[in-house]
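Working through the structure, step by step
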Amino acid sequence: MADQSILNGSRLLVTGGAGFIGSNFVHLFLDRFPRSHVVVLDALTYAGRRENLEGLPSDSLTFIHGDIRDPDAVSRAMAGCDLVLNFAAESHVDRSIEAPGDFIQTDVFGVFVLCEEARRQKSVRRLVQISTDEVYGEVLEGHATESWALQPRSPYAASKAGGDRLAHAYHAAYGLPV
């Protein structure tokens, strides 16, 4: 968020923006860039709550109840947006072991839907895929860096790695600005 001239006055789509991390980002972003408008797309499952967005100016926020796996919802939400940040994800390792298919659907297929729509939308200048350090596997000392090999150890970590690599592939194959 270094160049305020780019961000202030922008229209930003934040998927998963009613979740803990996404909503904190929305609050911080609108506090720092008050001339911007944020569109939040959230399915309001176990992790998302409308209450997390309370206190934000209504003229700076549009909330859309929808799922990143739904191309129509994504198209409506992304219309006219300059920037897209994907916080939406299935999460929690234990849940991924019990129901890995849900994680693949959201964390991989959902990223596919976002990338496809971002290719269609002429206004999108950047898509940012939010990940997790768990894609690098177990860290016994220090901390992981982005140069480490991917070594996911759970369906959650593998699905996040898959979404990350898909976003990267869209950049390489189609020039999607990620």
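This text gives an overview of the structure that appears in the document.

Rules of the game
- Going along each chain's sequence as written, the residues are numbered from 1 onward.
- Residue-level local features of this predicted model are given only where pLDDT is at least 70; pairs of side-chain atoms are given and counted only at 80 or more, and the full residue set underlies all totals for whole chains, interfaces and linings.
- The basis for every side-chain value is the complete set of heavy atoms in the structure, and neither hydrogens nor water enter the calculation.
- Labels follow the DSSP assignment, with helices taken as runs of H or I lasting at least four residues and strands as runs of E lasting at least two, numbered in each case from the N terminus.
- Here the globule rule reads 2.2 Å times residues to the power 0.38, and the radius of gyration is calculated from C-alpha atoms.
- Two residues form a contact once any of their heavy atoms are found within 4.5 Å.
- Each accessible area is a Shrake-Rupley estimate made with a 1.4 Å probe; only the visible protein chains count as cover when residues are assessed.
- A positive count includes Lys and Arg, and a negative count includes Asp and Glu. His and the chain ends are not counted in either.
- Just so you know, the charge point we use is NZ for Lys, CZ for Arg, CG for Asp and CD for Glu.
- Burial here depends on accessible area, computed with a 1.4 Å probe over protein chains only, as a share of the maximum for the residue type. Under 20% is buried, over 50% is exposed, and the range in between is partly exposed.
- Axis definition: a line fitted to C-alpha atoms, limited for helices to the stretch in contact. Angles are taken between N-to-C directions and run from 0 to 180 degrees.
- Here the word oblique covers every angle except those under 35 degrees (roughly parallel), over 145 (roughly antiparallel) and from 65 to 115 (roughly perpendicular).
- We call a crossing left-handed when the near helix sits turned anticlockwise from the far one by less than a right angle, and right-handed when that turn is clockwise.
- When residues are grouped by polarity, Ala, Val, Leu, Ile, Met, Phe, Trp, Tyr, Cys and Pro land in nonpolar, Asp, Glu, Lys and Arg in charged, and all others, Gly among them, in polar.
- Each Phe, Tyr or Trp ring, with Trp reduced to its six-membered ring, pairs with another whose centre is within 6.5 Å; inter-plane angles below 30 degrees give stacked pairs, above 60 give edge-to-face pairs, and intermediate values give tilted ones.
- Charge-over-ring contacts are defined here by two conditions on Lys NZ or Arg CZ: a distance within 6 Å of the ring centre and an angle within 35 degrees of the ring normal.
- Any two strands with at least two DSSP-identified bridges between them are counted as paired.

**What to know about the overall build of the protein**
- Scanning the protein from N- to C-terminus turns up six helices and five strands.
- If you list the helices and strands of the protein from N to C, you get α-β-α-β-β-α-β-α-α-β-α.
- Taken against the 2.2 N^0.38 rule, which gives 16 Å for 178 residues, the C-alpha radius of gyration of the protein at 16 Å falls within 12% of a compact globule.
- Taken over the C-alpha atoms alone, the protein extends approximately 45 × 35 × 35 Å along its principal axes.
- Taking the intrachain contacts of the protein between residues at least 6 apart in sequence as the baseline, contacts between residues at least 24 apart amount to 70%.
- Accessible surface for the protein amounts to roughly 9,300 Å². Of this, 51% is attributable to carbon and sulfur atoms.
- Computing the positive centroid from 16 side-chain charges and the negative centroid from 23, the protein places the two 7 Å apart.

**Some thoughts on unusual backbone geometry**
- The phi angle at L44 is positive, at roughly 50°, despite the residue not being glycine.
- Residue placement: L44 occurs in the loop between β2 (37-42) and β3 (61-65).
- When its relative accessible area of 28% is taken as the criterion, L44 is described as partly exposed.

**A closer look at the packing of helix α5 (residues 100-120) against helix α6 (residues 155-174)**
- Between α5 and α6, whose axes approach to 8 Å, the crossing angle comes to 15°. One element, α5, and the other, α6, form an angle in the roughly parallel class. Helix-helix and strand crossings are classified by hand; for α5 and α6 the assignment is right-handed. Counting all contacts with α5, which are made through P100, F103, I104, D107, V108, V111, F112, C115, E116 and R119, the residues of α6 involved are P155, Y156, S159, K160, G162, G163, L166, A167, Y170 and Y174.
- Residue composition of the contact of α5 with α6, grouped by class: 13 nonpolar, three polar and four charged.

**With respect to the packing of helix α3 (residues 71-78) against α5**
- Packing of α3 against α5 brings their axes to within 10 Å, and their N-to-C directions diverge by 45°. For the element pair α3 / α5, the angle class is oblique. Crossing of α3 against α5: the hand is right-handed. For the pair formed by α3 and α5, the contact residues are P71, V74, S75 and M78 on the first element and V113, L114, E117 and A118 on the second.
- Looking at the contact of α3 with α5, its residues break down into six nonpolar, one polar and one charged.

**What to know about the packing of aromatic side chains**
- Taken as a whole and assessed by the stated rule, the structure comprises six aromatic pairs.
- Centroid distance F29 to F33: 5.0 Å. Interplanar angle 45°. Geometry classified as tilted.
- By relative accessible area, which is 0% here, F33 ends up buried.
- Pairwise contacts between aromatic rings join F25, F29, F33 and F87 into one cluster.
- Lying over the aromatic face of F63, R50 brings its terminal NZ or CZ to 4.0 Å of the ring centre.

**Quick notes on the sheet that holds strand β4 (residues 83-86)**
- Pairing is parallel across the open sheet formed by five strands, whose spatial order is β3-β2-β1-β4-β5. The open sheet terminates on both sides in strands that have one partner only, identified here as β3 and β5 (126-129). For this sheet, the mean angle separating the axes of adjacent strands, direction not counted, is 15°.
- Across five bridges, β2 lies against β3 in parallel orientation. Pairing of L41 across the sheet is with I64, part of β3.
- Contacts between α3 and the sheet are confined to β1 (11-15), β2, β3 and β4, with β2 contributing the most and set at about 170° to the helix.

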